[in-house]
Amino acid sequence: MYDLICKTSTVLPEDVAFAVKKALAREEKGSIAKTTLDIILQSIALSSERGLPICQDTGTVLAIIEGRPSKSVFRLEEQIKDAIKKLTKKGILRQNCVCPLTEKNTRTNTGMHVPQIHFEPVDGPTRISIMLKGGGSENMSTQYSLPHSKLQAGRDMEGVRRCVLDAVFQAQGKGCAPGILGVCIGGDRASGYFIAKKQLFRKLNDKNPSPLLATLEQTILKEANGLGIGPMGLGGKTTLLGVKIGYAGRHPACYFVTVSYSCWATRRYVVELTEKGDIKKWI
Ligand code: SF4
């Protein structure tokens, strides 16, 4: 767990780094966008070479454990917390957990409901997914209830498109663009946020198995990048690196569209464990 969380904090996943490189190639020579992306890429390389955090905001930890229910699952929870405490002490994770009652920083990155650990029973090998989600980008995550009169968004895919583009528009200059969006159509207020965030684990170059959602992802990506918001909101052709849309059944009276906004520093890894609990492969 120590290796997994440490790598998540210091080495940007290949698909995200590749998307930033592709964005750099697209931007005009001498533009602020090109310079910004160039600095981001230099920073990514330095963090990886020197084993330093990719961003000063090392985020909060989301862990999803999938596997057969067994006693070892409880050991994993302890090991995740242990690893977080050690990495916080080492400075690989910033002290990012404040108790809202006392306003005191717990200084360990652990506290009430922190880290967030979800167990999902699966009849297969144990997989651990870790995400470090920055606070600035989390502030830009949002949820819409359709119909939405201001956006003229109805309960259909066009309404979804309008909401997601509004989220991008509202986030301009905040949340450290170019961003990646995880979206959930449907669900309830709680599941919507979780399912939207889980979309951020998808590789940027994957293809949505639903042709309808695959088209919507591409449409929104193209239109968002046409807004001219650009890296860090300073203008340019790259506002988003990816859009990933999932869905959940909804109550007939509710139609939520939830957007989990992630910054260029989208840090997540998934590992598969051996029966003994060693890392078998990085996914
Ligand atoms: S939003 Fe992302 S890149 Fe910006 S400060 Fe937070 S973690 Fe870092």
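On a predicted model such as this, the values are computed, not experimentally measured, just so you know.

## Some words on the environment of Val11
Inspection of the secondary structure assignment puts Val11 in the loop between α1 (2-10) and α2 (14-26). When the C-alpha atoms of Val11 and Cys163 are compared, they prove to be 32 Å apart, with 152 residues separating the residues in sequence.

## Regarding the site of the ligand
As a matter of local geometry, the ligand sits amid Cys55, Asp57, Gly59, Gly134, Gly135, Gly136, Ser137, Gly175, Cys176, Cys263 and Ala265. Among the residues forming the shell around the ligand, the class breakdown is 4 nonpolar, 6 polar and 1 charged. Lining the shell around the ligand are residues from two domains, each supplying at least three of them: domain 1 (1-134 + 267-283) and domain 2 (136-262).

## So, the sheet that holds strand β9 (residues 279-282)
Judged by pairing direction, the sheet is mixed, and its 5 strands sit side by side in the order β2-β1-β3-β8-β9 without closing on themselves. Since the sheet does not close on itself, it has two edges, and those belong to β2 (116-121) and β9, each with one partner. Across the sheet, the mean angle from the axis of one strand to that of its neighbour is 20 degrees, orientation sign disregarded. The sheet contact formed by strand β1 (residues 60-67) and β2 spans 6 bridges and is parallel. Bridged to Ala63 within β2 is Ile117. Across the sheet, α1 lies against β1, β3 (127-133), β8 (267-273) and β9, angled at about 155 degrees from β8, the strand it touches most.

## A look at the packing of α1 against helix α4 (residues 71-90)
Interhelical geometry of α1 versus α4 gives an angle of 50 degrees and a closest axis separation of 9 Å. The pairing of α1 with α4 is recorded here as oblique in orientation. α1 and α4 meet at a crossing whose hand is right-handed. For the pair formed by α1 and α4, the contact residues are Tyr2, Ile5, Cys6 and Ser9 on the first element and Ala83, Ile84, Lys86 and Leu87 on the second. Split by residue class, the contact of α1 with α4 holds 6 nonpolar, 1 polar and 1 charged.

## Remarks on the pairing of strand β7 (residues 256-262)
Counting buried residues along β7, 7 of its 7 residues qualify, which places the element largely inside the surrounding structure. Residue alternation in β7 divides its side chains into two sets, Phe256, Thr258, Ser260 and Ser262 and Val257, Val259 and Tyr261, and both sets are buried. Pairing analysis gives 4 bridges linking strand β4 (residues 142-145) to β7, with the strands arranged antiparallel. From the neighbouring strand, Ser145 faces β7, where its bridge partner is Phe256.

## Focus: the sheet that holds strand β6 (residues 240-248)
If you trace the 4 strands from one edge of the open sheet to the other, you get β4-β7-β5-β6, paired in mixed fashion. Of all strands in the sheet, those bounded by a partner on one side alone are β4 and β6. Neighbour to neighbour, the strand axes of the sheet diverge by 15 degrees on average, direction disregarded. Packing against the sheet, helix α6 (residues 157-170) makes contact with β4, β5 (179-186), β6 and β7, and its axis sits at approximately 30 degrees to β7.

## Observations concerning the environment of Asn208
Residue position: Asn208 is located in the loop between α7 (189-198) and α8 (211-225). Using a count of 18 C-beta atoms within 10 Å as the deciding quantity, one classes Asn208 as partly exposed. Those residues within four positions of Asn208 in sequence are excluded, and the remaining contacts are Leu213, Ala214, Glu217 and Ile245.

## Regarding α7
Along α7, the residues classified as buried are Gly192, Tyr193, Ile195, Ala196, Lys197 and Lys198. Those residues of α7 that are buried lie in contact with β1, β4, β5, β6 and β7.

## Thoughts on the domain arrangement of the protein
Examined at the domain level, the protein breaks down into domain 1 (1-134 + 267-283) and domain 2 (136-262). With 20 residues of domain 1 at the interface, the matching set in domain 2 holds 21 residues. Taken together, the residues of the side of domain 1 that touches domain 2 break down into 10 nonpolar, 4 polar and 6 charged.

What counts and what doesn't
Residues numbered from 1 in each chain as written. Predicted model: local features only at pLDDT ≥ 70, side-chain atom pairs only at ≥ 80, totals over all residues. Helix = DSSP H or I, 4+ residues; strand = E, 2+ residues; numbered from the N terminus. Near = placed C-beta within 6 Å. Nonpolar A, V, L, I, M, F, W, Y, C, P; charged D, E, K, R; others polar. Domains from an automatic or database assignment. Pairing = 2+ DSSP bridges. Axes fitted to C-alpha atoms, helices over the stretch in contact; angles between N-to-C directions. Contact = placed C-beta atoms within 7 Å. Parallel < 35°, antiparallel > 145°, perpendicular 65-115°, else oblique. Left-handed = near helix turned anticlockwise from the far one by under 90°. Buried ≥ 20, exposed ≤ 12 C-beta atoms within 10 Å, placed from the backbone.

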